[in-house]
Amino acid sequence: MSISENIKRIKASLPEGVRLVAVSKFNPVESIEEAYSVGQRLFGESHAQELVPKAQALPKDIKWHFIGHLQTNKVKYIVPYVACIESVDSLKLLKEIDKQAAKCGRVVNCLLQFHVAQEETKFGFSLDECVEMLQSEEFKSLAHISIIGVMGMASISDDEAKIEREFSNVKNIFQKLKSEFFSDKESFCEISMGMTHDYPIAIKCGATLIRVGSGIFGERMYQNS
Ligand SMILES: *Cc1c(COP(=O)(O)O)cnc(C)c1O
């Protein structure tokens with residue numbers, strides 16, 4: 001199936017309140033243009049050096065979500081272009097985003113990434129680490145970031161019950177943070193979880209954003225995290 005057909009099919013299957021992030025990493029500008037031509041405006045990239053030239057070349061009404069592991073020294077390159085950084089996994093990173101956002105005179109939307117999968121290789125906070133950060137004065141002083149929700153990745157597995165447990169864990173973390181830290185913040189409302197092979201499970205568990213790459217653009221030439 002073509003890119004445009006994949007987009008239409010996936011979008012038609014989404015319940016209300018769930019939006020599609022088309023993960024275009026390793027795919028050329030032409031492929032993004034095809035997705036754009038059928039109305040897709042939300043795209044995900046996982047490398048700064050890829051996001052920046054694409055954002056410069058493509059229409060300005062595209063919303064770019066950064067979804068990969070982000071090194072602090074790369075933050076300054078992407079901050080002018082991103083609508084959301086989904087992969088915040090430390091206070092150090094958040095402070096750098098805040099600093100660069102201040103320089104650009106903007107407030108950058110962020111998701112807190114949680115480590116819920118079995119694989120040690122995956123990034124993200126534990127709930128305890130995150131709570132400690134949210135309680136800190138340093139965090140409370142950041143004025144150029146807005147935390148709009150959480151992000152998580154399930155284990156790579158054929159065990160659907162396991163994937164469901166991990167996504168449910170992300171949802172539980174969201175609800176806990178919502179009630180303890182963000183109850184007065186309507187903007188804290190996003191749960192980003194689910195990729196090509198597990199997004200139907202993620203939707204069942206309460207995802208508001210799904211991140212689909214190969215299911216739209218085909219298998220990538222390079223495997224990446
Ligand atoms: C690559 C990637 C995706 C998309 O993965 P697919 O299996 O191609 O759908 C989603 N989220 C993150 C964080 C990714 O790095």
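Novice: Please provide a residue-by-residue account of the site of the ligand, values included.
Specialist: Around the ligand, a shell composed of 12 residues is seen, among which K25, T196, G213, S214 and R220 lie nearest. At 2.9 Å from a nitrogen atom of the ligand is found a side-chain nitrogen or oxygen belonging to R211. Contacts to the ligand include G213, whose backbone N or O atom sits 2.8 Å from an oxygen atom. Relative to its unbound accessible area of 390 Å², the ligand is 95% covered by the protein chains.

Novice: Pulling in residues and values, what's your account of the packing of helix α1 (residues 3–13) against helix α2 (residues 29–37)?
Specialist: The N-to-C vectors of α1 and α2 enclose an angle of 45°; their axes lie 8 Å apart at closest approach. What the angle tells us is that α1 and α2 run oblique. The hand of the α1/α2 crossing is right-handed. Residue-level contacts link I3, S4 and I7 of α1 to S31, E34 and A35 of α2. For the contact of α1 with α2, the per-class residue count stands at 3 nonpolar, 2 polar and 1 charged.

Novice: Tell me about α2, and please be specific about residues and values.
Specialist: Buried residues of α2: S31, I32, A35 and Y36, and no others. Buried positions in α2, seen along its axis, are confined to an arc of 145° and lie on one side of it. Opposite the buried face of α2, at more than 90 degrees from it, the exposed residues are E30 and S37. Of the surrounding secondary structure, the elements contacted by the buried residues of α2 are α1, β2 (42–45), α3 (48–57), β3 (63–66) and α10 (214–217). Trailing α2 by a residue or two, G39 shows a phi angle of about 100°, which is positive.

Reading the values: rules and limits
- Along each chain, the written sequence defines residue order, and numbers are assigned to residues from 1.
- The predicted origin of the model limits local features to residues at a pLDDT of at least 70 and limits the giving and counting of side-chain atom pairs to 80 or more, whereas totals for whole chains, interfaces and linings rest on all residues.
- Only heavy atoms go into the side-chain values, all of them from the structure, while hydrogens and water stay out.
- Only heavy atoms are used to decide nearness, and a residue is near a molecule or strand if one of them lies within 4 Å of it.
- What qualifies as a polar contact is a pair of N or O atoms within 3.5 Å, subject to a donor-acceptor requirement within protein and to the restriction that residues adjacent in sequence count only when both atoms come from side chains.
- Each accessible area value is a Shrake-Rupley result obtained with a 1.4 Å probe; residue values ignore everything except the protein chains displayed when judging cover.
- Helix axes are fitted only over the stretch in contact, all axes being lines through C-alpha atoms; the angle between N-to-C directions runs from 0 to 180 degrees.
- Under the DSSP-based scheme used, a helix requires at least four consecutive residues in state H or I and a strand at least two consecutive residues in state E, with every element numbered from the N terminus.
- Every angle not falling under 35 degrees, over 145, or within 65 to 115 is termed oblique; those three ranges are roughly parallel, roughly antiparallel and roughly perpendicular.
- Crossing handedness: left-handed means the near helix sits turned counterclockwise from the far one by under a right angle, and right-handed means the same turn made clockwise.
- We call two residues in contact when some of their heavy atoms are within 4.5 Å.
- The classification used treats Ala, Val, Leu, Ile, Met, Phe, Trp, Tyr, Cys and Pro as nonpolar, Asp, Glu, Lys and Arg as charged, and all other residues, Gly among them, as polar.
- Per-residue accessibility, obtained with a 1.4 Å probe over protein chains only, is compared with the maximum for each type, and a residue is labelled buried under 20%, exposed over 50%, and partly exposed between these values.
- Throughout, the arc means that of the directions going from the helix axis to the C-beta atoms.

Don't take any of this as a statement about function, it's just geometry.
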